[in-house]
Amino acid sequence: MTFERAAAFAPINIALVKYWGKRDPVLNLPYASSLSVALAELGSLTVVAPSAELDANIMVVNDEPVDGAGLIKVGRVMRLIRQMAGNTEVRAGIRGVNTVPTAQGLASSASAFAALATAGCAAYGVDADETTLSRIARQGSGSASRSVHGGWVIWHKGERDDGLDSIGEQLHDADYWPLRALVAHVDIGRKKVSSTEGMQQSARTSPFFGAWVETCERDLRDCRWAIAQRDIDALANVVEANCLAMHSVMMATRPPLMYWQPATLAVIHAVRRLRAEGFECLFTIDAGPSVVVLTGQGSVERVAAEIGRIEGVARVTQTRIGGGAHLVPNG
Ligand code: DP6
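Residues numbered from 1 in each chain as written. Predicted model: local features only at pLDDT ≥ 70, side-chain atom pairs only at ≥ 80, totals over all residues. Heavy atoms only, no water.

Observations concerning the site of the ligand
The immediate surroundings of the ligand are formed by 17 residues, with Tyr19, Lys22, Gly142, Ser143 and Thr196 found nearest. Thr196 has a polar side-chain atom sitting 2.7 Å from an oxygen atom of the ligand. Isolated, the ligand exposes 460 Å² of accessible area, and the fraction of that covered by the protein chains is 96%. The element best represented in the shell around the ligand is helix α5 (residues 195–205), accounting for three residues. Looking at the shell around the ligand residue by residue, the class counts come to six nonpolar, seven polar and four charged. (Near = heavy atom within 4 Å. Polar contact = N/O pair within 3.5 Å; in protein donor to acceptor, adjacent residues only side chain to side chain. Areas by Shrake-Rupley, 256 points an atom, 1.4 Å probe, with all protein chains shown as cover. Helix = DSSP H or I, 4+ residues; strand = E, 2+ residues; numbered from the N terminus. Nonpolar A, V, L, I, M, F, W, Y, C, P; charged D, E, K, R; others polar.)

Below is the structure:
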């Protein structure tokens, strides 16, 4: 069997109903289902080059070697792919480029593992459909199960212990509801506690954790309804409430997980004020200080200008809802 270098791009996704808590930390099986949108242009380009000369996989992201917990996760994904390729021993050199800053709570691991699964399967000649790619990517990073797909995506938590039914599924493609996305970048330092560690600590110590899991089930239903109606006010209500519930769980974790900076709170207040003034916008925040704001097409310029003026917002990136992971010829 011959193996050939392959490259893939995958988008970051922003969760509207969040994933925070694993019932199985090895297979990355969540307690609750989650829902996200893929963001265009922002993401990871990953090249996988199998080589019989390597004793171990090597990975470099943005010119920095990946080691420790990151390399263990990469190894897990690559082992799965090698098994599907007929248990080959051939390892790979892997190079990734992220177009979003790494480890700032903007889900760069989601795009990185979705791109790795897509390029890895192609490089090892594994014929995998999107569902299979989602299942593989999930084992690198839970939220990567959603970055395989474009547009509006649900990650079904699944019921099985082996995780076969814990997969992403596209609800609607990127053109279904052409909202705009603004990323308000706050603080460019690396975050102290990774999502992987943070959500384990929350599940163990946050007094709100049980209520959070129940809330997600209800929020998922309401979010799907708002998307089906293309009702941005209904979407804002559920998305913001779900985000704040997750951050309440985080803050009540012992020791506390405080991801926000003063500018994070200032963006929250600005978005709420702008919405009260009639602009179509809503905020959400992952495990970091930056804020993602979804807006209607007619509101994007004004909202971008207002949040761009806030002290502590380093810059505002504007983008659309985008497609899913795909191979990149000659990448
Ligand atoms: C706050 O998918 O990065 O962004 O599965 O341990 O890799 P691991 O965690 P990860 O967690 C993402 C958490 C979140 C919410 C979300 O994207 O749903």
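Now that the structure has been shown, we can carry on.
Regarding the sheet that holds strand β12 (residues 291–295)
In spatial order, the strands read β11-β12-β10-β13; together these four strands make up an open sheet with antiparallel pairing. Each of the sheet's edge strands pairs with one partner strand only, and the pair in question is β11 (281–284) and β13 (313–320). For this sheet, the mean angle separating the axes of adjacent strands, direction not counted, is 20 degrees. The pairing of strand β10 (residues 180–186) with β13 spans seven bridges and is classified as antiparallel. (Pairing = 2+ DSSP bridges. Axes fitted to C-alpha atoms, helices over the stretch in contact; angles between N-to-C directions.)

Here's the deal with unusual backbone geometry
At the junction of Arg254 and Pro255, the peptide bond is cis and its omega measures out at -5 degrees in the coordinates. As for its position among the elements, Pro255 is in the loop between α7 (232–251) and α8 (262–276). With a phi angle near 55 degrees, Asn28 is a residue other than glycine that sits in the positive phi range. Structurally, Asn28 is set in the loop between β2 (22–24) and β3 (29–30). For Arg230, which is not a glycine, the phi torsion comes out positive at approximately 50 degrees. Following the sequence through the fold, Arg230 ends up in the loop between α6 (209–229) and α7.

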